[in-house]
Structures are given as C-alpha cells and as structure tokens.
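# Secondary and tertiary structure notes
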Amino acid sequence: MLNLICCELIKLKRSKMIPISIIGVLSTPLLLLLEAVQTHFDKPGLAFTLSDIYKSSVLYSMLLTNMMIYVAITAFLFSREYSENTLKTIIPIPISRSRLLIGKFCALLLWILALNFVTWAGIFIVCGLYHVVFTLEKYSFPAAIVWLPTYLLGGILMFLTISPFAFAAEKTKGFVAPVIGSAVIVMGSAALANHDWGVFYPWTAIFFLVQGKINSSGYSTALSVIIILLVSAAGFILTFYHLKTEDLK
Amino acid sequence: MNYIIETDHLTKRYGATAVVDQVNFHVPKGKVYGLLGRNGAGKTTAMKMMLQLVFPTDGSILLFGKDCRDNAAAIYKNIGSIIETPGFYGNLTGEENLEIMARLRGQFCKNAVPNALEIVGLNQEKRKIFSNYSLGMKQRLGIAAAIMHKPKLLILDEPINGLDPIGICEIRTFLSKLSRDNGTTIFISSHVLSEIEQIADIIGVMHQGRLIEEVDMAELRNRSRTYTEFDLSDGQMAAIIIKSSYPGTDYTIQNNTLKVYGPSPVIGEMNRNFALNGLLVTRINPREENLEEYFSKLIGGGGIA
C-alpha cells in the first residue's frame, strides 16, 4: 500500500496542480491580512489577537476557499487516469481497482492535510508581518500551534465529505461536474454558516464541529457526525462500486 | 496442445449489440498470433477482456491454462500489453513513467527501466516529458512498458501505430527475436497486413465480432500463393505423372482438381503430358492471390483497414 501511495505522489511531480493548490490556499491568509489591516485603520481601538484571526480563518478555509480547491484536486486526481488514458496501462499490471482507489484517497488525504498545514502556516507568517508593522496581541508560536490540531481535524472532515466529488469526477471523467458541484455546496455553506440548520448540511457541519458551535445550535454533535459519515460512506461506496464494475472502453 | 490464451465462447454485448460474439481463440505457447479485422471488428474489445479492462458478458478466458479471474495477480505479472495508443502521465519523463509501472508491479529492478528504454531507442530521450513526445515515441514507450518485466505473453493492440518505417522494422525484428529466442507468446493485432504477414505464425480474422478464421500462417501462404489449377478426369493419375515427370513440383490434389503452386514454365508441357496419358483436362486456370485479397474476400470486401 505504501508503494501505491508513493506512486500516487510521484505522479504529482511537476504537476501544475501542486503550485496552483498552494497559491489557492494561501489566499485565505492574504484575505485575513487585508481584513486585519483594514480593521486596524477603520477601528484603531479594536484589539484582536492571533487566536481571533485563526478563529476567523476557519470560515474561509473550511467553508469557502479551501473546500473549492480540495474539490478541484479531487477531480484532478480521480479524472486524470481517464483523461490521460492511463487506466489501460496500469490495470493490467495488475493493480486491483480497489487498491488503486485506496492509494488515491490516501494521497488525497495527505494533500488536503498538507494544504491545511500550509494555510495554518501561512496565517502564522502573514500575522507575523502584521505583528512587525502594527503589533498583534498575543502573537506567538504556542498560540498558533494550538490551532494546528483544529486545522488537521478540519482537513480530515473535509476529506470525508469530499468523497462524493471523487465519484462525480470518476463518473464524468472530468473536472466540470465536480467543480460546478463545489460552487453549489460552497454557496449552500455560505447561506447556512450562520444558521442552526447548518448542522444538517455536511459541509457546513464541519465548520460547526471545528468551531464548537454545534451545542449552541441546540442539536447534538452526534447528528452532524452521522450526517458527515453517511455522505462520506455514500461517496466512497459509489466511487469503489463504479470503478470495480466499469468497462474501460 | 499447450495454449497460453484460450477463450471459450467469449462474448461482450453492449445492449443488444454483440461486439465480441462467441469467440474461441487458441494461442499456442511461443507462437506469434496475428489478429486481423476491420475497424469495429471487436479486436480491441477482445484484447481488453483478456486484460480485465472490460468484463465479458459471457464465456471464459484461460491464460496460461488458468481462468484469468482466479489468481489474477500471478497470471498478469507474466503479461505485457499495449492497448491502442499507450497512456502515460504527461507531467513525467519516460523514465519516471516506467519507474511507476515497475513499482506498481512490485518488481522494481534497477536496470529494468534503462534496459527497456535502450531496446526501444528512447535512452537518449529519457528525461523528456511525456507530453512532449511524438506519437512514435509514445508508442515506443508503450512497448518499453510492455516488455520491461520480461513477460511470457505480450498482448499488443496496434503496437506499430505512429511508428516510422525504420521503427516498424526495428519493433518487428525485436518481437520476432523475443518469440524465437525467449519463447515469448505474442498476441498482436494490426491493420497493416504486411506486418502481420511477416511476423505471425497463426492468423485470426475477426469480422463483426466473430472469429471467422483461425489458421496457421504456413497453410495460409499455401492458400495465398500463385498457382495453376487443373480440372482433370483423374486426379490420381495426374499425381503419378507429376511425381515421375516433374519431381520437386509443389502441388496438391483434391478430388480431380490439381493445384500446381508457384510460377511454372512447364504448365503447357504438363498439359500435353496429361493429354498424352489419356487424361481429359477440362479447365486450366492460372491464379494469383495475395493475402490482402484473401482477407478482403473473407470479410466481404473493402479491405482490412
């Protein structure tokens, strides 16, 4: 299995998706920097800490920007075997279709976690720049590291809810359907981010879970977790079933 | 006979259409089996079924004497393949692509990749990105991937597509050598009849999903040669005359029809000799039939391609 994951990572060598995805997730720290600078000039008396910035960043990273980027990289990972006609080269090697998908999902998880780490690190760095110029209260590495598990947990939850897009990419053999789908779910997430019903919407439920907002909504944490797991299971089952039974014409 | 590939009523249907219809292939060990047929005849689908890319609707496939669905890992490690234009990762070099194949196969040998690249003449281009390859180079890399692990069976669908004449000749020579020296069994399809003719030991012809002919190449050459056909009153007597008067003549007799193969300057004399021996010759017909004409007739005209 390690070999399969290794091969999936080698396949990404020189891939433009790597720098594109890194630039994409760095938009969150940059947006936060702009917001912080704007707040500094508009409300000079308002004090905010590094932790406040990380708290705000969860909305951007879990609900908006990062989610769209993760759907795009999922579509890339799962559709490229069709677009580059490589399945007919690697399946007869032989590679079990299930193992191939497991390798891809593992690579996707690693990529998502790495990008969440980049987002977390990016925020720490841009806040450092802000701190040098304007001074940011409670700016320290220990204050930042507290948020790293939140980011990694968010990454795992985002990975779970992304599995239906793997199926969409596999089924349509391209980028278009998953990317349109991601726009739809992001719009839904934006609409439900401040609404208690967000706990029923798996992609918003992630945000509620990592922010610890579920209890204040009046619903149980288990409910959101079950919804996320059901969506995830459906995505995984459909993806595996489709490739296992598909004729590669 | 020891068959490396044997199919039993292999069938693939899409809806009501049978793309491959009850096909029984018999590919003996160490032989080169050339599969011919027009576009859409079902050649690629049949090969894809052998490689588990397409699932058969009916029938079975035995590879190395075993059902290909059982113990696939052990069976397919001994197979190399190319299906249509080979697919590789465009952002990687030829060398990196082959390394991935070797790693996935679990038979990563340090020299396997450079050796395979050298065989197909890509050793000077190993650092070139695959997306910058020409069609011929892509095809060569596909061949390198297929032979890299020294398989006992090669399943090659149109492997010479896109190759220049020198490249075609090199690959043909290499495949012949593999079969002759290593005993590799090769199942190869092509539209280029002359290429198949030069390399194959056995020919299979598919048409509209069916295998309509499976014949030894030597027999096929007999069928395809220039010959003169005599219709006579007594075939046995004609055979005695030929044996005694024209020793070394290549001929066959079926009922009272004599076929004398090859260009013969003594046809007229032979006819006179038959007449002098009391045989009635009712028809003399010089025939010349090349392989392409033979297949055109077999599949209903219009050529193979």
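Here's a quick rundown of the structure. Keep in mind it's a predicted model, so treat the numbers as computed, not measured.

### So, the overall build of chain A
Secondary structure assignment for chain A yields 13 helices and 0 strands. Beginning at the N terminus, the succession of helices and strands in chain A can be written as α-α-α-α-α-α-α-α-α-α-α-α-α. If one aligns the C-alpha atoms of chain A with their principal axes, the spans along those axes are about 65 × 45 × 30 Å. Expressed as a percentage of the 249 residues in chain A, the buried residues total 54%. Long-range contacts, defined as pairs at least 24 residues apart, comprise 77% of the intrachain contacts of chain A with a sequence gap of at least 6. Summed over all atoms, the accessible surface of chain A reaches about 10900 Å², with 73% contributed by carbon and sulfur. Of the side chains in chain A, 17 bear a positive and 11 a negative charge, and the two mean positions are spaced by 10 Å.

### Brief notes about the layout of surface pockets
A volume near 570 Å³ is recorded for the largest pocket. Pro 94, Ile 95 and Ser 96 of chain A together with Gln 52 and Ala 72 of chain B are the residues nearest the centre of the largest pocket, which is lined by 29 residues in total. Secondary structure elements with two or more residues in the lining of the largest pocket: helix H1 (2–10) and helix H6 (97–134) of chain A together with strand S5 (58–63), helix H2 (72–76) and helix H3 (94–105) of chain B. Within this model, the second largest pocket holds a volume of roughly 280 Å³. Along its surface, the second largest pocket is lined by 18 residues, and Ile 147, Lys 150, Pro 151, Leu 178 and Asn 182 of chain B are the ones closest to its centre. Listing elements by their share of the lining of the second largest pocket, those giving two or more residues are helix H4 (112–119) and helix H6 (165–182) of chain B. Among the elements that take part in the lining of the second largest pocket, H4 of chain B stands out by supplying 4 residues, more than any other. Its residues assigned to classes, the lining of the second largest pocket comprises 10 nonpolar, 5 polar and 3 charged.

### Some thoughts on the packing of H1 of chain A against H3 of chain B
Between H1 of chain A and H3 of chain B, whose axes approach to 9 Å, the crossing angle comes to 165 degrees. Classified by the interaxial angle, the pair formed by H1 of chain A and H3 of chain B is roughly antiparallel. As H1 of chain A runs across H3 of chain B, the sense of the crossing is left-handed. Between H1 of chain A and H3 of chain B, the contacting residues are Asn 3, Leu 4, Cys 6, Cys 7 and Ile 10 of chain A on the first element and Ile 100, Arg 103 and Leu 104 of chain B on the second. Among the residues forming the contact of H1 of chain A with H3 of chain B, the class breakdown is 6 nonpolar, 1 polar and 1 charged.

### Comments concerning the sheet that holds strand S7 (residues 79–82) of chain B
Backbone hydrogen bonds hold the strands of a sheet together, and the pairing may be parallel or antiparallel. All names here are of chain B. Pairing is mixed across the open sheet formed by 6 strands, whose spatial order is S7-S8-S9-S4-S10-S11. The open sheet has two free edges, formed respectively by S7 and strand S11 (210–216), since each of these has just one partner strand. Each strand of the sheet is rotated relative to its neighbour by a mean of 15 degrees, with strand direction disregarded. Sheet topology note: the strand S4 (residues 32–37)/strand S9 (residues 185–189) ladder contains 4 bridges and is parallel. The residue of S9 that forms the bridge with Tyr 33 is Phe 187. Contacts from helix H5 (residues 135–147) reach S7 and strand S8 (153–157) within the one sheet, and its direction differs from that of S7 by about 165 degrees.

### Observations concerning the environment of Thr 161 of chain A
All names here are of chain A. Within the secondary structure layout, Thr 161 lies in helix H8 (residues 148–161). Taking the C-alpha atoms as reference points, Thr 161 and Leu 230, 69 residues apart in sequence, are found 9.1 Å from one another. For Thr 161, the residues in contact, after removing those within four places along its chain, are Met 67, Pro 202, Trp 203, Ile 206 and Ile 228. At 3.1 Å, the side chain of Thr 161 and the backbone oxygen of Met 158 are in polar contact.

### A few points about the sheet that holds strand S13 (residues 251–254) of chain B
Residue and element names in this part refer to chain B. Taking strand neighbours across the sheet as the criterion, the 4 strands line up as S13-S14-S12-S15 in an open arrangement whose pairing is antiparallel. On the outer flanks of this sheet lie S13 and strand S15 (281–287), each paired with one strand and no other. Averaged over all adjacent pairs, the angle separating strand axes in this sheet is 15 degrees, with direction ignored. Summarising the sheet, strand S12 (residues 227–232) and S15 pair through 6 bridges and their orientation is antiparallel. From the neighbouring strand, Phe 230 faces S15, where its bridge partner is Ile 284.

Criteria and thresholds
Here, residues in each chain are numbered from 1, in the same order as that chain's written sequence. Chain letters start at A and ligand numbers start at 1, both assigned in the order the entries are written. Reporting of local features is limited, given that this is a predicted model, to residues whose pLDDT is at least 70; pairs of side-chain atoms are given and counted only at 80 or more, and all residues count toward the totals for whole chains, interfaces and linings. In computing side-chain values, all of the structure's heavy atoms are included and hydrogens and water are not. Helical segments are the DSSP runs of H or I of at least four residues, strand segments are the runs of E of at least two, and each set is numbered from the N terminus. Relative accessibility under 20% of the residue-type maximum defines a buried residue, over 50% an exposed one, and the middle range a partly exposed one, all with a 1.4 Å probe and only protein chains included. Any two residues whose heavy atoms approach within 4.5 Å are treated as being in contact. Computed with a 1.4 Å probe, the accessible areas rest on the Shrake-Rupley method; for each residue, only the protein chains presented here act as cover. Note on charges: Lys and Arg go in the positive column, Asp and Glu in the negative column, and His and the chain ends are not counted at all. Charge positions come from single atoms, namely NZ of Lys, CZ of Arg, CG of Asp or CD of Glu. Cavities and pockets were defined on a 1 Å grid built from protein atoms only: a cavity is a group of points that admits a 1.4 Å probe but offers it no way out, a pocket is an open group of points flanked by protein on both sides within 12 Å along at least five of seven lines, and a lining residue is one with an atom within 4 Å of any such point. Grid points are joined across faces, edges and corners, and a volume is the space filled by probe spheres set on the points. Side-chain classes are defined by residue name, with Ala, Val, Leu, Ile, Met, Phe, Trp, Tyr, Cys and Pro counting as nonpolar, Asp, Glu, Lys and Arg as charged, and the others, Gly among them, as polar. What counts as an axis is a line fitted to C-alpha atoms, over the stretch in contact for a helix, and the angles between N-to-C directions run from 0 to 180 degrees. Working definition: roughly parallel below 35 degrees, roughly antiparallel above 145 degrees, roughly perpendicular at 65 to 115 degrees, and oblique for all remaining angles. With the far helix as reference, a near helix turned anticlockwise by less than a right angle produces a left-handed crossing, and one turned clockwise produces a right-handed crossing. Here, any two strands with at least 2 DSSP bridges between them count as paired. Contacts described as polar in this section are N or O atom pairs within 3.5 Å, which, within protein, must combine one atom able to donate a hydrogen with one able to accept it, while residues neighboring in sequence count only if both atoms come from side chains.

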